[in-house]
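Here are the chains, one letter per residue:
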Amino acid sequence: MTGAPFPIVRRQVAIDFEPVPPGPWFPAGGALEIMFNAASLSFPPTERFFIAAVRDYQDRISDQGLREQVQGFIYQEAMHNKVHLDCNAMLARHYPNCRRAEQISITTFRRLGRLPRWFRLSLSSALEHFTSMVADTLLHHPDDFRTIVPPEIADMWLWHAAEETEHKSVCFDVHQAVLGAGLLSYGNRLAGMLVATPLFLFVMLLWVAMVLKRGRPRSAVPVPQKPSTTDGAGRFLGRNMLGLLRHGVPWRLYFSYYRPSFHPWDHDNSGLIAVWKERYPDFGAGLRSPTT
Ligand SMILES: [Fe+2]
Ligand SMILES: [Fe+2]
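Residues numbered from 1 in each chain as written. Chains lettered and ligands numbered in written order. Predicted model: local features only at pLDDT ≥ 70, side-chain atom pairs only at ≥ 80, totals over all residues.

Assigned secondary structure in the protein chain consists of twelve helices and zero strands. Looking at the protein chain as a whole, 42% of its 292 residues are labelled buried. Across the protein chain, the fraction of contacts at a sequence separation of at least 24, relative to all contacts at a separation of at least 6, is 85%. (Helix = DSSP H or I, 4+ residues; strand = E, 2+ residues; numbered from the N terminus. Buried ≥ 20, exposed ≤ 12 C-beta atoms within 10 Å, placed from the backbone. Contact = placed C-beta atoms within 7 Å.)

Moving on, we get to helix H4 (residues 117-139). Residue pairs spaced three or four apart in an α-helix point in one direction, given the helix's 3.6 residues per turn. Spanning 23 residues, H4 covers 32 Å between terminal C-alpha atoms, matching the ideal 33 Å at 1.5 Å per step. Within H4, 18 of the 23 residues are buried, which leaves the element mostly enclosed by the surrounding structure. (Expected span 1.5 Å × (residues − 1).)

Here we take up the environment of Cys-171. Considering the arrangement of structural elements, one finds Cys-171 in helix H7 (residues 170-179). According to the C-beta neighbour criterion, Cys-171 is buried, with 27 such atoms within 10 Å. In this structure, the C-alpha to C-alpha distance between Cys-171 and Ala-53, residues 118 residues apart in sequence, is 8.4 Å. Among residues more than four places away in sequence, those in contact with Cys-171 are Phe-50, Ala-53, Val-54, Leu-121, Ser-124, Ser-125 and Glu-128.

In this section: the packing of H4 against helix H6 (residues 151-166). It is the contact of H4 with H6, at a shortest axis distance of 8 Å, that shows an interaxial angle of 125°. As the angle between them shows, H4 and H6 are arranged oblique. In this structure, H4 meets H6 at a crossing whose hand is left-handed. Within the contact between the two elements, H4 uses Thr-131, Ser-132, Ala-135, Asp-136, Leu-138 and Leu-139 and H6 uses Trp-157, Leu-158, Ala-161, Ala-162, Glu-164 and Thr-165. Class assignment for the residues of the contact of H4 with H6 results in seven nonpolar, three polar and two charged. (Axes fitted to C-alpha atoms, helices over the stretch in contact; angles between N-to-C directions. Parallel < 35°, antiparallel > 145°, perpendicular 65-115°, else oblique. Left-handed = near helix turned anticlockwise from the far one by under 90°. Nonpolar A, V, L, I, M, F, W, Y, C, P; charged D, E, K, R; others polar.)

Before going further, it helps to spend a moment on the packing of H6 against helix H12 (residues 270-279). Contact pair H6 / H12: the axes reach a minimum separation of 9 Å and the direction vectors enclose 140°. Classified by the angle between their axes, H6 and H12 sit oblique to one another. Between H6 and H12 the crossing geometry is left-handed. Where H6 abuts H12, its residues Leu-158, Ala-162, Thr-165 and Glu-166 lie against Leu-272, Ile-273 and Trp-276. Of the residues belonging to the contact of H6 with H12, the class tally is five nonpolar, one polar and one charged.

Assignment of secondary structure puts Glu-77 in helix H2 (residues 64-94). Distance in space between the C-alpha atoms of Glu-77 and Phe-49 is 10.0 Å, their sequence separation being 28 residues. Among residues more than four places away in sequence, those in contact with Glu-77 are Glu-47, Phe-50 and Ile-51.

In this structure, Met-35, Ala-38, Leu-158, Val-208 and Leu-212 are the most contacted members of the largest nonpolar core, which totals 56 residues. Elements that contribute at least two residues to this core include exactly helix H1 (31-55), H2, helix H3 (98-112), H4, helix H5 (142-148), H6, helix H8 (183-214) and H12. Looking at this core, the element that brings in the most residues is H8, giving ten residues. Ala-38 has contacts with Ala-101, Leu-205, Val-208, Ala-209 and Leu-212, leaving out every residue within four places of it along the chain. Grouped together as the second largest cluster of nonpolar side chains are 15 residues, Val-54, Ile-74, Phe-109 and Val-174 included. (Core = buried A, V, L, I, M, F, W, Y, C linked by C-beta atoms within 7 Å.)

Reading fine detail from the predicted coordinates is not recommended where pLDDT is low. Confidence in the prediction for the protein chain averages 85 pLDDT; 82% of positions are at 70 or higher. No element of the protein chain has a lower mean pLDDT than helix H9 (residues 232-237), at 50, and none a higher one than H7, at 97. A low-confidence stretch, residues 220-233 (pLDDT under 50), is modelled with 22 contacts involving residues beyond four sequence positions or located in other chains. (pLDDT = per-residue confidence, 0-100.)

With seven of ten residues buried, H7 lies mostly within the body of the structure. Residues of H7 that are buried include every one of Val-170, Cys-171, Phe-172, Asp-173, Val-174, His-175 and Val-178, and no others. Buried positions along H7 lie against H1, H2, H4 and H8. Trailing H7 by a residue or two, Gly-180 shows a phi angle of about 80°, which is positive.

Right, here's the structure in full:
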């Protein structure tokens, strides 16, 4: 399979995060909350990095279908950037260390921005593989997620997950279109993943999460009971940060990226987007969808 199996939709999204109560939101000891917040803080500089990486090669793409997908990709990532900045402004009110944690990704991606463009594209393709894997996990558990987080947070992440799935092949396809399918291109792709793996796990998630956690305020509201590991939420959550990484990332899918013949849509999870669209048919009309 090559290319996305459907058009990349341009949704206009605005979410009011004002009603979100100070944490902790999750009943599993805070790991999930801290990790998702770390990801939210990491996303704006990451998404700007992706946009710049594909823009740098835009003129060299001759395939009209791929050019349109690139435009859709840029739109979606720019919209994620905007909504996550709003979410992060809310987080800054709740976490004293928020700005310090945010700075880790800003500085990291500013430095990575000096790398050659062919490697920035490869790195973007590999990081997009990570975001699409986490999105896949999340979209398999929309109800579990919705029961344990505030509705504004659930709306944001489920929408982001659906769009990460929609555009999951764009960076990869641009990489293949401009660098070819030969050995050098494959080597570049592997090198990108070898750098992206520690970058995603240990910088964008764990390091940011640790800094955020150190300054975590005590909650004014009682912490909810930890769910039993036999219910949906328990299965989804894992017990701690490392447990979350173990259960939240489908590692078989991760290793498929190293196959020379790999394509992101070999793993066809378009059904998950169809389910999300069915549930939120009006999402992207500029209003937050009604919560279920
Ligand atoms: Fe995104
Ligand atoms: Fe993305």
